[in-house]
Every structure is written in C-alpha cells, then in structure tokens.
Amino acid sequence: PKETIHVYSVATGALYERFLKIMMMSVSQHTSKNVKFWLLESFLSPTFKASAMALAEEMGFEIEWVNYQWPAWLRGQTELQRRIWGMKILFLDVLFPLEVEKIIFVDADQVIRADLLELWEMDMQDHAYGYVPFCDSNKETLGFQFWRSGYWKQLLGDRPYHISALYVVDLIKFRARGVGDILRATYESLSRDSTSLSNLDQDLPNFISASHVPIFSLPQEWLWCESWCSLETKKDAKTIDLCNNPLHKEPKLDMAKRIISGELFVYSWEELDKQVKGIEKKVGVVARDVTTPSFEMTA
Ligand code: UDP
Ligand code: CA
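Keep in mind that what you see is a predicted model, and the values were worked out from it rather than measured.

What counts and what doesn't
Residues numbered from 1 in each chain as written. Chains lettered and ligands numbered in written order. Predicted model: local features only at pLDDT ≥ 70, side-chain atom pairs only at ≥ 80, totals over all residues. Heavy atoms only, no water. Donors = N, O, S within 2.8 Å, 3.2 Å for Na, K, Ca; no water. Helix = DSSP H or I, 4+ residues; strand = E, 2+ residues; numbered from the N terminus. Buried < 20%, exposed > 50% of the residue type's maximum accessible area, 1.4 Å probe, protein only. Core = buried A, V, L, I, M, F, W, Y, C linked by side-chain atoms within 4.5 Å. Contact = heavy atoms within 4.5 Å. Phe/Tyr/Trp six-rings, centres within 6.5 Å; stacked < 30°, edge-to-face > 60°. Lys NZ or Arg CZ within 6 Å of the ring centre and 35° of its normal. Pairing = 2+ DSSP bridges. Disulfide = S-S within 2.5 Å. Salt bridge = Lys/Arg side-chain N within 4 Å of Asp/Glu carboxyl O.

### As for the coordination of the calcium ion (ligand 2)
Taken together, D107 (OD), D109 (OD), D109 (OD), D241 (OD) and D241 (OD) make up the full set of protein donors to the calcium ion (ligand 2), lying 2.5 to 2.7 Å away. Here the donor residues for the calcium ion (ligand 2) map to a single chain with the spacing D-x1-D-x131-D. Of this pair, D107 sits in the loop between β4 (102-106) and β5 (110-112) while D241 sits in strand β9 (residues 239-241), and the two are 134 residues apart along the sequence. You can call D107 buried: its relative accessible area is 18%.

Here it is in structure tokens:
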C-alpha cells in the first residue's frame, strides 16, 4: 500500500477552523502520498467536524480525532491559548497509537506549497525532532528577536532559536528516549514561575535543546513568515505561516488574503476558501464566516 504521511494539528474558534481546512487542502494538493490528519477533537465544533469529513472524502485524505485529558499531576493552564500550546508539545508520546512512527505538526494558519514527503523522508541525523530556525533575513524585525542577547543567548550559545509552527517528530526515538518525560518535568519546574515559558510550546523545546534534547534544524524554506523573513526569499517558501508581526498589527484574515495571493500560488487563499465552501455546499454543511479569533495570540 501507498505510504501515509501523518500530520498533527490543533485549532479552536471559527476563524482558525477556517484556516485549518485550507491548510489541509494545501497539504493534500501538493503531495503524492496518502495523508492522515490527526486533529485534537475537544476544541473543534460539530460544524467543523462535518465539513472536515466532507473535505477528506472529496480530496481523498483521512482524518482521525485525538483526545487527551490533561493529567491531574501536571500543572494546569487556565488560559485556553496556553492549554493549546501544552497540547501541541507535552503529550506527543501518548497522543497517537504506537503504530504511528512519525508525525509532522503543522499550525492551522499555514498554507503548504511543497510536498510534505520531503520532510517526511528527511534524514534528521538521529535527532528525536526537527524544527526550523527563525528567519533573520527581514532586518526590520531583527530587534524583536529576544533570543539574540541576554538569557537565551547565554543558554543557547551558537545554537539557533527555533520556531514551533511546524516540526517533524520521530516518535520512535521520542518515545524510546523518554523525551515526553523530559519535556513534562522541565515544564513542571519552569511553570512554577508564571512569567517563564511565555511562548510555552516554543520555549520548552528550545530550552532543553541546549542540554537534554538537541533539535535538528530543518531547511529554512520550510517555514516562511513575512514578519521574520525577507520578501526576496518568499519565492522559495515551502510553507507560509501567518505569524503576527511585532511592528504592524493586522487581522489574520486580511493577512491571509494579502500574503497568499499572486503568481507564486497555484491557488490564492481566497480561491482555496471558495473550494472549501463549494465542497461544503455540496454536502449541505454551512460554516459561519467568522473573521475574528476566539483569542488573539500575544507572542
Ligand atoms: N490557535 C487557535 N485559535 C486561536 C489562536 C491560535 O486554534 O484563536 C492555534 C492554531 O493552531 C494556530 C496556533 O494556535 O495555528 C498558533 O497560533 P498563531 O498561529 O495565531 O500564532 P502566530 O503564528 O501568530 O505566532
Ligand atoms: Ca501561525
């Protein structure tokens, strides 16, 4: 049988649900392999679930819902955004069945422009996971890269600080080396201070990359985002994330329509959105067009 690429993602709120559908479409349109999306069920609406199943049927990908109860022995998070960040990283060893040997996490607000097979087959040189280092080609925002000096610079030395919007996890090595336990123990100890781990899912793997669990650096083109990368490098982007810009605040939906358009794209964001709506119409699912997030990320 054809090889299957496993992708994990999370979303909450109608806007990010809309983004997630488009992310899945873009992955599926660019790969020659089977794709199975593992989506965290508890935050998703019934409308989203119905729509996603219709897309899967039409586009020929699979979806499986995942659930996990935050354990009572691990410090909880009251804010929804921090709970989601926790779910992105803390339980990777126990979220999926053992036969899933690798997973690629992709943020909901991403549009993929290349075959994920390339990441799937990448030799990560014995690392348990691989992340993309932050771009430093957009000179306008360099001053906002807090890891270039002070505490993070001391901690990381010459190692790069990596972005958590996409990552590849070798679940066999991750489980065998107890990386889940290391992450949870580090989380438990650092989160005692409520001011640390301000970007929980990103700070945590970067923090332990200096000691216990090194990160394999994926090629830069596997995460382009306008805030940190130069416009000249956009044409090489294999995936585009709509990350917030520290200089100019812009609603994510406007960002999507502006950034995912033009000759670099087979389908613009608006065309992808129309394709989704067309499929929803065919099966009688009506998703609301909400334009504001349920909460704004502050990072
Ligand atoms: N997210 C979500 N609902 C929200 C905000 C964020 O589901 O209202 C999830 C979603 O998976 C998103 C991820 O958290 O892709 C990271 O948030 P975001 O992309 O807004 O962060 P940024 O890329 O701007 O740093
Ligand atoms: Ca994002």
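More follows now that the structure is in view.
### Remarks on unusual backbone geometry
In the Ramachandran plot, Q125 falls in the positive-phi region, its phi being about 50 degrees despite a non-glycine side chain. Residues other than glycine seldom take positive phi values, yet D126 does so here, at roughly 70 degrees. Positionally, D126 belongs in the loop between α5 (117-120) and β6 (129-133).

### Digging into the nonpolar core
Grouped burial of nonpolar side chains is what soluble globular proteins tend to show. Ranked by internal contacts, the top residues of the largest apolar core, which has 106 residues, are Y8, F37, F96 and Y129. Take this core: its biggest share by element is nine residues, from helix α1 (residues 14-30). Contact partners of Y129, with chain neighbours within four places excluded, come to M124, V168, V169, F174, V179, L183, P205, I208, V213, P214, I215 and F216.

### Examining the packing of aromatic side chains
Applying the stated rule across the entire model yields 22 aromatic pairs. The interplanar angle of 75 degrees and the centroid separation of 5.5 Å between the aromatic rings of Y8 and F105 together place this pair among those described as edge-to-face. Residue Y8 is located in strand β1 (residues 4-9), and its partner F105 is located in strand β4; the two are separated by 97 residues in the primary sequence. Residue classification places Y8 among the buried residues on the basis of a relative accessible area of 0%. Judged by centre distance (5.7 Å) and plane angle (80 degrees), the ring pair of W38 and F96 falls under edge-to-face. Remark: F96 occurs in the loop between α4 (92-95) and β4 and W38 occurs in strand β2 (residues 34-40); sequence separation between them is 58 residues. Given the relative accessible area of 5%, F96 is considered buried. Cluster of aromatic residues (ring-pair linked, three or more members): Y8, W38, F96, F105, Y129, Y131, Y167 and F174. When the ring centre of W65 is taken as origin, the NZ or CZ atom of K49, which lies over that ring, is 5.4 Å away. Lying over the aromatic face of F265, R113 brings its terminal NZ or CZ to 5.2 Å of the ring centre.

### Re the pairing of strand β7 (residues 162-170)
Extensive coverage of β7 is indicated by the burial of nine of its nine residues. Examined bridge by bridge, β4 and β7 share five bridges and lie antiparallel to one another. Considered in β7, the bridge of K102 is made with D170. Here β6 runs beside β7; their pairing, made up of five bridges, is antiparallel. Along β7, the bridge assignment pairs V132 with I163.

### Some details on the state of the cysteines
Between two cysteines, a covalent bond joining their sulfur atoms is known as a disulfide. Applying the stated rule across the entire model yields two disulfides. Between the sulfur atoms of C135 and its disulfide mate C229 the distance is 2.0 Å. Disulfide C135-C229: torsion about the S-S bond near 95 degrees, hence right-handed. You can see C135 sitting in the loop between β6 and α6 (150-156) and its partner C229 sitting in the loop between β8 (216-217) and β9, a full 94 residues away along the chain. The burial state of C135 is the same as that of C229; both residues are buried. In this model, C225 is linked to C243 through a disulfide, with the two sulfur atoms separated by 2.0 Å. Of this pair, C225 sits in the loop between β8 and β9 while C243 is found in the loop between β9 and α10 (252-259), placing the two residues 18 residues apart along the sequence. Accessibility assignment for this pair places C225 and C243 in one class, buried. Each bonded cysteine of the protein gets a number by its place in the sequence, and the pairs then read 1-3, 2-4.

### Structural notes on the pattern of salt bridges
All chains considered together, the criterion is met by 21 salt bridges. Residue K88 pairs with D201 through a salt bridge whose shortest N-O separation is 2.8 Å. Of the two residues, K88 is situated in helix α3 (residues 80-89) and D201 in helix α9 (residues 200-209); the sequence distance between them amounts to 113 residues. The partner of D273 in a salt bridge is K277, and the shortest N-O contact between them spans 2.7 Å. With D273 and K277 both in helix α11 (residues 269-283) and four residues apart, the pair spans about one turn of that helix. Take D273: its relative accessible area is 8%, and that puts it in the buried class. A relative accessible area of 32% means that K277 is categorised as partly exposed. Overlapping salt bridges, with partners in common, bring together D126, D170, K173 and R177 in one network.

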